[in-house]
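So the chains spell out like this:
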Amino acid sequence: MDFVSIRVITGDVARLVEFYELATGVRAAWSTEDFAELRTPHATLAIAGTRTVPLFAPGSARPAENHSVITEFLVDDVDRVYRQLAEFVDSFVTEPTTMPWGNRSLLLRDPDGNLVNFFTPVTPAAVEKFAR
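What counts, and at which threshold
Residues numbered from 1 in each chain as written. Predicted model: local features only at pLDDT ≥ 70, side-chain atom pairs only at ≥ 80, totals over all residues. Heavy atoms only, no water. Buried < 20%, exposed > 50% of the residue type's maximum accessible area, 1.4 Å probe, protein only. Helix = DSSP H or I, 4+ residues; strand = E, 2+ residues; numbered from the N terminus. Contact = heavy atoms within 4.5 Å. Pairing = 2+ DSSP bridges.

Here the focus is unusual backbone geometry. In this model, Ala-64 sits at a positive phi of 55°, which is unusual for a non-glycine residue. Of the residues examined, Ala-64 reaches a relative accessible area of 45% and is grouped as partly exposed.

The next point concerns the environment of Pro-96. Tracing the chain through its elements places Pro-96 in strand S6 (residues 94-98). Sequence separation between Pro-96 and Val-78 is 18 residues, and the spatial gap between their C-alpha atoms is 6.9 Å. For Pro-96, the residues in contact, after removing those within four places along its chain, are Val-78, Asp-79, Tyr-82, Arg-104, Ser-105 and Leu-106.

This brings us to the pairing of strand S2 (residues 29-32). Two strands pair when backbone bridges link them, and S2 and strand S3 (residues 35-39) are joined in this way by three bridges, in the antiparallel orientation. Each bridged residue has a counterpart across the sheet, and for Thr-32 the counterpart in S3 is Phe-35. Turn length for the S2-S3 hairpin, with the two strands adjacent in sequence and antiparallel, is two residues.

As far as function goes, none of this settles anything; it's purely spatial.
Structure, rendered in structure tokens:
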């Protein structure tokens, strides 16, 4: 098995894609007006509109109601990312903070309220864990 993507359902695909393109620097690949993907070397963030939900199971997903999942992006320098995002992110949940498990993390919410974490490993153990 290989974990390849996570899909976010939204009421405004263009707005959410624009946010993630600005936040990550990754250009989205659009399949339809209701579906786009931001592909990184190890995983894909898929963004889909509410009109795609009935294709799986009507009513099974609702936009802007996530309160349990954090989408995470490994970055080279989380403090630099923080400075770049400050231009268009109104408020952050947590400014860059070194966590007990060795990552320096920046937590914010996307336009739909989903939690997003940008992090950089900073302790030797965390750096080793994420070495690629």
